[in-house]
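Architecture at a glance
Residues per chain, in single letters:
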Amino acid sequence: CIAENAVGPAAFRPDDVVTPLSGRTIEINNTDAEGRVVLADGVAFASGPLGCDDVIDVATLTGAQMVATGRRFAGILSDDEGMEAAAVAAGKTSG
């Protein structure tokens, strides 16, 4: 490799294994995943130490969602049917 996308000696590299706040291990197989690692820590912190009952994340962390649903629709993942229905209704209202 002539050059690599590492901004310092502590930068993620492919095949690194990191342990975020949740305690689960994550293998880095793509160094473009740092946003997902930060998101995982944020969700774990909000639902753990902060004690939040609901955590809502609005992010564009993957192009696969646009491939699956197109440019006019968003994806949603929820373990709460009421909150999911409210989010879908808000999306329909706002366009």
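1. A word on the overall build of the chain
Of regular secondary structure, the chain possesses 3 helices and 2 strands. Scaling as 2.2 N^0.38, a compact globule of 95 residues should have a C-alpha radius of gyration of about 12 Å, whereas the chain reaches 17 Å, well beyond that. Across its three principal axes, the chain shows a C-alpha extent of roughly 50 × 35 × 15 Å. The buried share among the 95 residues of the chain stands at 8%. Long-range contacts, defined here as pairs at least 24 residues apart, represent 14% of the contacts in the chain between residues at least 6 apart. In the form shown here, the chain has an accessible surface area of approximately 7900 Å², with 55% of it arising from carbon and sulfur atoms. Treating the 6 positive side-chain charges of the chain as one cloud and the 14 negative ones as another, the clouds have centres 11 Å apart.

2. Here we look at a nonpolar patch on the surface
Among the surface-exposed residues, Leu21, Phe45 and Leu50 lie close enough to one another that they form a single nonpolar patch of about 300 Å² accessible area. Within the secondary structure, Leu21 sits in the loop between strand 1 (17-18) and strand 2 (26-27). For Leu21, a relative accessible area of 48% corresponds to the partly exposed category.

About the cut-offs
- Residues numbered from 1 in each chain as written.
- Predicted model: local features only at pLDDT ≥ 70, side-chain atom pairs only at ≥ 80, totals over all residues.
- Heavy atoms only, no water.
- Helix = DSSP H or I, 4+ residues; strand = E, 2+ residues; numbered from the N terminus.
- Rg over C-alpha atoms; globule rule 2.2 N^0.38 Å.
- Buried < 20%, exposed > 50% of the residue type's maximum accessible area, 1.4 Å probe, protein only.
- Contact = heavy atoms within 4.5 Å.
- Areas by Shrake-Rupley, 256 points an atom, 1.4 Å probe, with all protein chains shown as cover.
- Lys, Arg positive; Asp, Glu negative; His and termini not counted.
- Charge placed at Lys NZ, Arg CZ, Asp CG, Glu CD.
- Patch = residues over 30% accessible without salt bridge, like charges linked within 9 Å, V, L, I, M, F, W, Y side chains within 5 Å.
- Salt bridge = Lys/Arg side-chain N within 4 Å of Asp/Glu carboxyl O.

Taken by themselves, the reported measurements are silent on function.
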